[in-house]
Amino acid sequence: MAQNTVENPTTTADRTPVTLLGLGTMGTALARTWLAAGHPLTVWNRTPARAEALAAEGAKVADAAAEAVAANSLIVVCLLDDTSVGDVLAGTDLTGRDLVNLTTSTPAQARARAEWARERGARYLDGGIMAVPPMVGIPQAGGYVFYSGSHDLFDRHRPTLAVPLATTYVGEDPGFAALHDVALLSAMYGMLAGAAHAFALIRKENIDPTTLAPLLADWLTAMAPSVHQTADHLRTGDYTTGVVSNLAMQVAGTPTFLRTAGEQGVSPELLTPYFELMRRRLAEASGEEDLTGVIDLLAR
C-alpha cells in the first residue's frame, strides 16, 4: 500500500481556487485556512447565515450548490453524512470536476460514491479527517487527513489539500480512507472504554481521579507499542514470537478483574466481551501465543 505524508505548507505557489460545500464547525475551519493561505474560495451551506462571517473574510458565497460547483474545478464536500452528499450534489453538473469528499462514511459508501462520481464525469478522492476543528491549520497539533482514490488526483491537489491539515495517502481503493479512519477511531473508543472502567473502579473511593489520570495516561502510552508486535504476528502468522504474557496466563488472571469490579460495585460489561473472546481463543489454540488470535475470531 503506497503512502505519502505531507506536512501542512505555510505557503502555496499556485493558489488553486476551491469550492467548499458544508460549513459546519469542521467545514468553517477548513474554509478559514484556505482563505488565510490566499486560495480563492467559493462556499455554500444549506443554512446561508453560516456563510456570512466567511464572506466578510473574502469568501464568495453561492446561492445554490450547483452555482458553487460551477465556480471551480476542485470541489470539496464536508457534510453530515453520505446521504447529504447525494442530496446536495443532485442536479449539479460534475463533468470534469475533481470531487474530494471529506464527509464521514463507511468504506462501502465511499466506493459507491466514487462510482457515482465517475458516472457523472467527475474524478474522485475520499478523505477521512483525523482531527477536531481546533487542530485545523495548526501543523504542530498533529491532525491529518487520510486520502484514497486516484493517486494522480491526489498528487495534483496535494499542495492545496495540505493547507488545512497534513495528508496521508493510503491507496487507490476509494474505501481505504474511510476504513483507516474507522479503524483508528474504533481503537480510540476501545481505549476510552478501558479508561472509563478504570475510573469507575475508583469512583466511590477516597482517590482523586486527577491523581489516577497521569498514571493511566503513562500506562496506556507504555502499552501502545504492542500494536507493532500484533501487526508483525498478523503478517507472519506466528503468534508466539516475542510473547511475554501468554494467552493462558492472561485468561487465568481475568477472574481477578471481574471479582474486583464486583467488589467495587462496577458493571463488568466493558470487559466481559473481550474476556470471553480470550477464553474462546484459548479453547481452540495454543496458550503460548499472545492476544493476536482474538483478531481472527472477530474477522471470521
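Residues numbered from 1 in each chain as written. Predicted model: local features only at pLDDT ≥ 70, side-chain atom pairs only at ≥ 80, totals over all residues. Heavy atoms only, no water.

J.: Would you take a moment to explain the pattern of salt bridges for this structure?
T.: Close approach of charged atoms allows side chains with opposite charge to pair. Within the structure shown, the criterion is met by 13 salt bridges. Taking the shortest distance from any N to any O, the salt bridge between Arg-111 and Asp-173 comes out at 2.8 Å. With a gap of 62 residues between them, Arg-111 in helix α5 (residues 107-119) and Asp-173 in the loop between β9 (166-169) and α7 (176-202) connect regions that are remote in the sequence. Asp-173 sits in the partly exposed class, given a relative accessible area of 25%. Notably, a salt bridge pairs Arg-235 with Asp-232, separated by 2.4 Å at the nearest N-O pair. (Salt bridge = Lys/Arg side-chain N within 4 Å of Asp/Glu carboxyl O. Helix = DSSP H or I, 4+ residues; strand = E, 2+ residues; numbered from the N terminus. Buried < 20%, exposed > 50% of the residue type's maximum accessible area, 1.4 Å probe, protein only.)

J.: Before we go on, may I ask you to explain the packing of helix α10 (residues 247-263) against helix α11 (residues 272-284) in this structure?
T.: In a pair of packed helices, the angle between the axes and the distance between the axes together describe the arrangement. Running from N to C, α10 and α11 cross one another at 145 degrees; their axes reach a closest spacing of 10 Å. As α10 runs across α11, the sense of the crossing is left-handed. For the pair formed by α10 and α11, the contact residues are Leu-247, Ala-248, Gln-250, Val-251, Thr-254, Phe-257 and Leu-258 on the first element and Thr-272, Phe-275, Met-278, Arg-279, Arg-281 and Leu-282 on the second. When grouped by side-chain class, the residues that make up the contact of α10 with α11 number eight nonpolar, three polar and two charged. (Axes fitted to C-alpha atoms, helices over the stretch in contact; angles between N-to-C directions. Left-handed = near helix turned anticlockwise from the far one by under 90°. Contact = heavy atoms within 4.5 Å. Nonpolar A, V, L, I, M, F, W, Y, C, P; charged D, E, K, R; others polar.)

J.: Is there a simple way to think about the packing of aromatic side chains in this case?
T.: Aromatic ring pairs are reported here in terms of the distance separating the ring centres and the angle at which the planes meet. Applying the stated rule across the entire model yields four aromatic pairs. Both rings, one in Tyr-144 and one in Phe-146, keep their centres 5.1 Å apart while their planes meet at 90 degrees; by these two values the pair is edge-to-face. Classification of Tyr-144 by relative accessible area gives partly exposed; the value is 22%. Ring geometry for Tyr-147 versus Phe-154: centroids 5.8 Å apart, planes at 40 degrees, classification tilted. In terms of burial, Tyr-147 and Phe-154 fall into one category: buried. Through successive ring pairs, a cluster of aromatic residues spans Tyr-147, Phe-154 and Tyr-169. For the cation-ring pair, Arg-113 lies above Trp-116, with the distance from its terminal atom to the ring centre recorded as 4.6 Å. (Phe/Tyr/Trp six-rings, centres within 6.5 Å; stacked < 30°, edge-to-face > 60°. Lys NZ or Arg CZ within 6 Å of the ring centre and 35° of its normal.)

J.: How do you make sense of the confidence of the model for the protein when you look at a structure like this?
T.: Caution applies to low-pLDDT parts of the model: their predicted coordinates are not meant to be read in detail. For the protein, the mean per-residue pLDDT works out to 95, and 95% of the residues sit at or above 70. In the model, residues 1-12 has pLDDT below 50 throughout and makes 37 contacts with residues more than four positions away in sequence or in other chains. (pLDDT = per-residue confidence, 0-100.)

J.: Sorry if this is basic, but what is going on with helix α1 (residues 25-36) here?
T.: Counting along an α-helix, one turn takes 3.6 residues, and residues three or four places apart therefore face a common direction. The terminal C-alpha atoms of α1 lie 17 Å apart, and with 12 residues this matches the ideal 16 Å at 1.5 Å per residue to within 8%. Within α1, nine of the 12 residues are buried, which leaves the element mostly enclosed by the surrounding structure. Among the residues making up α1, those that are buried are Met-26, Gly-27, Thr-28, Ala-29, Leu-30, Ala-31, Thr-33, Trp-34 and Leu-35. On its buried face, α1 is in contact with β2 (18-21), β3 (41-44), α2 (52-56), β5 (74-77), β7 (123-130) and α6 (151-161). Backbone geometry just after α1 places Gly-38 at a positive phi near 90 degrees. (Expected span 1.5 Å × (residues − 1).)

J.: Where do I start with the side chain of Asp-98 in this structure?
T.: By the secondary structure assignment, Asp-98 is in strand β6 (residues 98-101). Beyond its immediate sequence surroundings of up to four residues, Asp-98 is in contact with Ser-73, Leu-74, Ile-75, Arg-123, Leu-153, Arg-156 and His-157.

J.: Looking at this structure, how should I read the environment of Thr-230?
T.: Here Thr-230 lies in helix α9 (residues 226-236). What makes Thr-230 partly exposed here is its relative accessible area of 24%. Residues Thr-230 and Pro-48, spaced 182 residues apart in sequence, show a C-alpha to C-alpha distance of 49 Å.

J.: Help me understand the nonpolar core in this model?
T.: Buried together is how nonpolar side chains tend to be arranged in soluble globular proteins. Counting 32 residues, the largest nonpolar core has Leu-20, Leu-41, Leu-102 and Tyr-147 as its most contacted members. Counting residues per element, the ones that place at least two in this core are β2, α1, β3, β5, β7, β8 (144-149) and α6. Residue contributions to this core peak at six residues, all from α1. Ala-68, Leu-94, Leu-99 and Ala-114 belong to the second-largest nonpolar core, a separate cluster that totals 19 residues. (Core = buried A, V, L, I, M, F, W, Y, C linked by side-chain atoms within 4.5 Å.)

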